[in-house]
Amino acid sequence: MILDILVIIAMLSGLLFFVATTVGIIRFPDFYSRVHAAGKGDTLSTTFFLGGTILYLLRDFSGDSLLTAGKLLLIVFYIFIASPTATHAIIDAGYEFRVPYWTRSSTYKGTEGDEENEENMDDGFYPEDLKG
Amino acid sequence: MNLEPFFIAMAVAILFLMLCNLYRVVAGPTVIDRMLGMNVIGTKTTVLIVLIGVIDGRVDLFIDITLAYALLNFITTLAAARFYQRLAQPVPHEPRESLMAPSAGPEVEDADAPEAAADQDRKETP
């Protein structure tokens, strides 16, 4: 009974984090902020979901369910390492791809005739630009 | 307590949110955005497979599929990210002198002299 409530709490918090991830991926204005939303929420919500499944499997305690729970624990461990690594690879590729990022002036891109800000509008600022 | 309806509701909710993430894959302004959306969808697919196994009552069968899918998703994302990273830099990296061992100095210079001249030419042509 208590284990069931724990399963429900874990799954609902995982769903909450996944909703936050989805809202971030859809609504954020910028590639980098989208990666920020996806990299954290995705890992944590997956951990919560699989942790709830592990608790559910441990409800009827036997050798088989223990083996399955161990495998699930391995998957959780793997995702906890692999998902931030994949996120890092994606953001590295995006940085080298020079994906333009959100600035305050890029919200005003639609207004024409704003000549004093025009040179700031096209793309973002990168550390390589400082080297001259 | 019978948790099966709860698991079915969770699976449907995850599926719906995955469809919402598919918007970013379809409408993403750059390729990297699409990759990001597909990474999230793939990670959630592992959860979905485990939930299907729990609903079906055969988790021990589905767990191996989940493991394989997680590995495959990670490798796919890494390969695509590396591909677009290499695509972004048309000129290959030159070795930085500060990173080279000082003992390898004169030999490497002699051996690389024609190459360095060719490098110079290639730089000046554009």
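Right above here is the structure, for reference.
Since we're looking at a predicted model, the values are computed, not measured. (Residues numbered from 1 in each chain as written. Chains lettered and ligands numbered in written order. Predicted model: local features only at pLDDT ≥ 70, side-chain atom pairs only at ≥ 80, totals over all residues.)

Digging into the overall build of chain B
Helix and strand content of chain B: four helices and zero strands. Beginning at the N terminus, the succession of helices and strands in chain B can be written as α-α-α-α. In chain B, which comprises 126 residues, the proportion classed as buried is 26%. Within chain B, counting contacts between residues at least 6 apart in sequence, those at least 24 apart form 48% of the total. (Helix = DSSP H or I, 4+ residues; strand = E, 2+ residues; numbered from the N terminus. Buried ≥ 20, exposed ≤ 12 C-beta atoms within 10 Å, placed from the backbone. Contact = placed C-beta atoms within 7 Å.)

Section: the overall build of chain A
When its secondary structure is counted, chain A shows four helices and zero strands. Each helix and strand of chain A, placed in order from N terminus to C terminus, yields the pattern α-α-α-α. Counting only contacts in chain A whose residues sit at least 6 apart along the sequence, the fraction spanning at least 24 positions is 59%.

Regarding the interface of chain A and chain B
On the chain B side, the residues contacting the 42 residues of chain A number 38 residues. For the side of chain A that touches chain B, the residue count by class is 27 nonpolar, seven polar and eight charged. (Nonpolar A, V, L, I, M, F, W, Y, C, P; charged D, E, K, R; others polar.)

Re helix α1 (residues 2-27) of chain A
For an α-helix, 3.6 residues make a turn, and residues three or four places apart therefore share a direction. For α1 of chain A, spanning 26 residues, the distance from its first C-alpha to its last is 37 Å, which sits close to the expected 38 Å at 1.5 Å a residue. Those residues of α1 of chain A that fall on the buried side of the exposure criterion are Val7, Ala10, Met11, Gly14, Phe17, Phe18, Thr21, Thr22 and Ile25 of chain A. Contacts made by the buried residues of α1 of chain A are with α2 (31-57) of chain A together with α1 (4-27) and α2 (31-56) of chain B. (Expected span 1.5 Å × (residues − 1).)

Observations regarding unusual backbone geometry
For Arg98 of chain A, which is not glycine, the phi torsion reads 55° and is therefore positive. Along the chain, the position of Arg98 of chain A falls in the loop between α3 (63-96) and α4 (118-121).

Re the environment of Tyr69 of chain B
All names here are of chain B. Along the chain, the position of Tyr69 falls in helix α3 (residues 59-88). Expressed as a C-alpha distance, the spacing of Tyr69 and Leu3, which sit 66 residues apart in the sequence, is 26 Å. For Tyr69, the contacting residues outside a window of four places in its chain are Thr45, Thr46 and Ile49.

Details of the packing of α2 of chain B against α3 of chain B
Residues and elements named next belong to chain B. At a closest axis distance of 8 Å, the pairing of α2 and α3 adopts a crossing angle of 175°. One way to sum up the angle between α2 and α3 is to call them roughly antiparallel. Looking at the contact of α2 with α3 residue by residue, the classes come out as 17 nonpolar, nine polar and no charged. (Axes fitted to C-alpha atoms, helices over the stretch in contact; angles between N-to-C directions. Parallel < 35°, antiparallel > 145°, perpendicular 65-115°, else oblique.)

Some words on the nonpolar core
In this structure, Leu50 and Ile90 of chain A together with Ile32, Leu36, Val50 and Ala81 of chain B are the most contacted members of the largest nonpolar core, which totals 46 residues. Looking at this core, the elements with two or more residues in it are α1, α2 and α3 of chain A together with α1, α2 and α3 of chain B. Top element by residues in this core is α2 of chain A. It accounts for 10 residues. The contact partners of Leu36 of chain B, leaving out residues within four places of it in the chain, are Arg34, Val35, Ala38 and Ile90 of chain A. (Core = buried A, V, L, I, M, F, W, Y, C linked by C-beta atoms within 7 Å.)

Focus: α1 of chain B
Over its 24 residues, α1 of chain B extends 35 Å from the first C-alpha to the last, a length consistent with the 34 Å expected when each residue adds 1.5 Å. All buried positions along α1 of chain B are accounted for by Phe7, Met10, Ile14, Leu17, Asn21 and Arg24 of chain B. Among the structural elements, α1 of chain A together with α2 of chain B are those in contact with the buried residues of α1 of chain B.

Brief notes about the environment of Leu67 of chain B
Here Leu67 of chain B lies in helix α3. Classification of Leu67 of chain B by C-beta neighbours within 10 Å gives partly exposed; the count is 17. Taking C-alpha positions, Leu67 of chain B is 18 Å from Ile55 of chain B, a pair spaced 12 residues apart along the chain. Ignoring anything within four residues of it in the chain, the contact list for Leu67 of chain B reads Lys71 and Ile75 of chain A.

A short note on the environment of Leu71 of chain B
All names here are of chain B. Inspection of the secondary structure assignment puts Leu71 in helix α3. Take Leu71: there are 14 C-beta atoms within 10 Å of it, and that puts it in the partly exposed class. As for Leu71 and Ile14, which are separated by 57 residues in sequence, their C-alpha atoms are 20 Å apart.

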